[in-house]
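# Remarks on the overall topology
Listed here are the chains, written in short residue letters.
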Amino acid sequence: MPTSAEELAQLLDLETIDTNLFRGQQPDTTLQRVFGGQVAAQALVAAARTTLEELSVHSLHSYFLRPGDPNVAIVYDVDPVRDGKSFATRRVLARQHGRPIYAMTASFQVHEEGFEHQDQMPEVTAPEESLDLGEMYRSPDSPRADEWTRDWAALDLRWVGDSKHGLLGNERHPALARYWVRVSGRLPDDRLVHEAALTYASDLTLIRTSLVPHNVGLDGVQAASLDHSVWFHRPFRADEWLLYAQRSPSASGARGLIFGQLFTQEGVLVASVAQEGLIRPRPEA
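A brief structural summary. Being a predicted model, the structure only gives us computed values, none of them experimental. (Residues numbered from 1 in each chain as written. Predicted model: local features only at pLDDT ≥ 70, side-chain atom pairs only at ≥ 80, totals over all residues. Heavy atoms only, no water.)

We now examine the side chain of Asp 227. Positionally, Asp 227 belongs in strand E10 (residues 221–232). Lacking a salt bridge, the buried Asp 227 has Arg 255 as its closest oppositely charged neighbour, with an N-O distance of 7.8 Å. Polar side-chain contacts of Asp 227 include one of 2.9 Å to the backbone nitrogen of Glu 276. Apart from the residues lying within four places of it in its own chain, the contact partners of Asp 227 are Ser 62, Tyr 63, Phe 64, Ala 274, Gln 275 and Glu 276. (Helix = DSSP H or I, 4+ residues; strand = E, 2+ residues; numbered from the N terminus. Buried < 20%, exposed > 50% of the residue type's maximum accessible area, 1.4 Å probe, protein only. Lys, Arg positive; Asp, Glu negative; His and termini not counted. Salt bridge = Lys/Arg side-chain N within 4 Å of Asp/Glu carboxyl O. Polar contact = N/O pair within 3.5 Å; in protein donor to acceptor, adjacent residues only side chain to side chain. Contact = heavy atoms within 4.5 Å.)

See below:
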């Protein structure tokens, strides 16, 4: 995985193979399958490359179809479904070994002024006062030191708490978690790069939130992202702190549903996320 902001930007810079056809390279990784945030971010870049510059993404909706092979490049085939005066729609199919592994529909819009309202950001500790997960996992006595350095060093992730530890959980909301997240380093001043970087980071930690009430970690389940949606509300920089407030309203049928909201430090709601993930208990769990 990318170990710096520069490497993340390079990962998101796709090769154009032909009209509406792109190739995404793979990073060096210890993961056994492609990280879902990576394929979603690359698919978004592929879709955006086929639209006019004045359009920006306002939503994407996607399904993870098969585990991706981290040793093989991914080909992104973009279908320019519609180009209107205000909106454009793109469908993207990601393929490896001749088979689809991921499908996305993304919608783009020209900037418009209109009504404004938003949820209030939860009151939380500042990033500097929250638990630095990178520092914890990189410590010499951590069994995940090599994995974190190799796979997640491009992200700065701080744990604020969850409904089992530090956050006020109750019967109405038994599964809550909050994190601060940013790209670790400066990204180019390109709106699409920041939108793709947020998409990349948005797949991290969600499934874990659906497990909070059950006293089991990811090692105790067969876990995988099944679908993933992101709505982009307002401008932001992915290399500045964003509060990722997460809530899982339901777990059933070996699946967990998670909603997330991303706020700037000033309290501006910039994006919302929804995901359903596989959380199949392992026999020994």
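So, about the environment of Ala 197. Checked against the element boundaries, Ala 197 lands in helix H5 (residues 191–202). Remark: the alpha-carbon pair of Ala 197 and Asp 239, spanning 42 residues in sequence, is separated by 8.6 Å. Sequence-distant contacts of Ala 197, defined by excluding residues within four places in its chain, comprise Leu 8, Leu 12, Val 183, Leu 187 and Ala 238.

Below, the discussion takes up the packing of helix H2 (residues 36–48) against H5. The N-to-C vectors of H2 and H5 enclose an angle of 155°; their axes lie 7 Å apart at closest approach. Taken together, H2 and H5 sit at an angle that is classed as roughly antiparallel. You can see that H2 and H5 cross each other, and the crossing is right-handed. Taken together, the residues of H5 that come into contact with H2 (itself represented by Gly 37, Gln 38, Ala 40, Ala 41, Leu 44, Val 45 and Ala 48) are Leu 192, Glu 195, Ala 196, Thr 199 and Tyr 200. A breakdown of the residues in the contact of H2 with H5 according to their chemical character gives eight nonpolar, three polar and one charged. (Axes fitted to C-alpha atoms, helices over the stretch in contact; angles between N-to-C directions. Parallel < 35°, antiparallel > 145°, perpendicular 65-115°, else oblique. Left-handed = near helix turned anticlockwise from the far one by under 90°. Nonpolar A, V, L, I, M, F, W, Y, C, P; charged D, E, K, R; others polar.)

Only one face of strand E5 (residues 87–96) is covered, namely the one carrying Ala 88, Arg 90, Val 92, Ala 94 and Gln 96; the face carrying Phe 87, Thr 89, Arg 91, Leu 93 and Arg 95 has none of its residues buried. Both strand E4 (residues 74–83) and E5 contribute to a ladder of seven bridges, which runs antiparallel. Residue Arg 82 lies in a different strand from E5, and its bridge partner there is Thr 89. In textbook terms, the turn of a hairpin is the stretch between consecutive antiparallel strands, and for E4 and E5 this stretch comprises three residues. Direction of pairing for E5 relative to strand E6 (residues 99–110): antiparallel, over a ladder of ten bridges. Along E6, the bridge assignment pairs Arg 95 with Pro 100. Counting the residues in the hairpin turn of E5 and E6 gives two residues, including His 97, whose phi is positive at 55°. (Pairing = 2+ DSSP bridges.)

It is worth spelling out H5 at this point. Owing to its 3.6 residues per turn, the α-helix brings residues three or four apart onto one side. Across its twelve residues, H5 extends 16 Å between first and last C-alpha, which sits within 8% of the 16 Å expected from 1.5 Å per residue. In terms of burial, H5 is largely enclosed, as eleven of its twelve residues are buried. Regarding H5, its N-cap is Asp 190, as a side-chain oxygen of that residue lies 2.9 Å from the backbone nitrogen of Leu 192 further along. (Expected span 1.5 Å × (residues − 1).)

With that settled, consider the pairing of strand E8 (residues 155–162). Most of E8 sits inside the fold, with seven of its eight residues counted as buried. As judged from the six bridges shared by E8 and strand E9 (residues 176–183), these two strands associate in the antiparallel manner. Directly across from Leu 157, in E9, lies its bridge partner Val 181.

This paragraph deals with the nonpolar core. Of all hydrophobic cores here, the largest spans 63 residues; its most connected members are Val 39, Tyr 76, Tyr 102, Phe 108, Leu 198, Tyr 200 and Leu 262. Ranked by the residues each element gives to this core, the list is headed by H2, at nine residues. With residues near it in sequence (within four places) discarded, Tyr 102 still touches Val 39, Ala 40, Ala 43, Ser 62, Tyr 63, Phe 64, Leu 65, Val 92, Leu 93 and Ala 94. Within the second largest apolar cluster, seven residues are counted, among which are Trp 180, Trp 241, Leu 243 and Leu 269. (Core = buried A, V, L, I, M, F, W, Y, C linked by side-chain atoms within 4.5 Å.)

Okay, the side chain of Gln 275 next. In this fold, Gln 275 is placed in strand E13 (residues 269–281). Within the structure, Gln 275 has its side chain in polar contact with the side chain of His 228 (distance 2.8 Å). Ignoring any residue separated from it by four or fewer positions in sequence, one finds Gln 275 in contact with Asp 203, Leu 206, Ile 207, Ser 225, Asp 227, His 228, Gly 256, Leu 257 and Ile 258.

The subject of this paragraph is the environment of Arg 23. Its place among the elements puts Arg 23 in strand E2 (residues 21–24). The contacts of Arg 23, once residues within four sequence positions are left out, are Leu 14, Glu 15, Ile 17, Ala 73 and Ile 74.

That is the geometry; function is a separate question.
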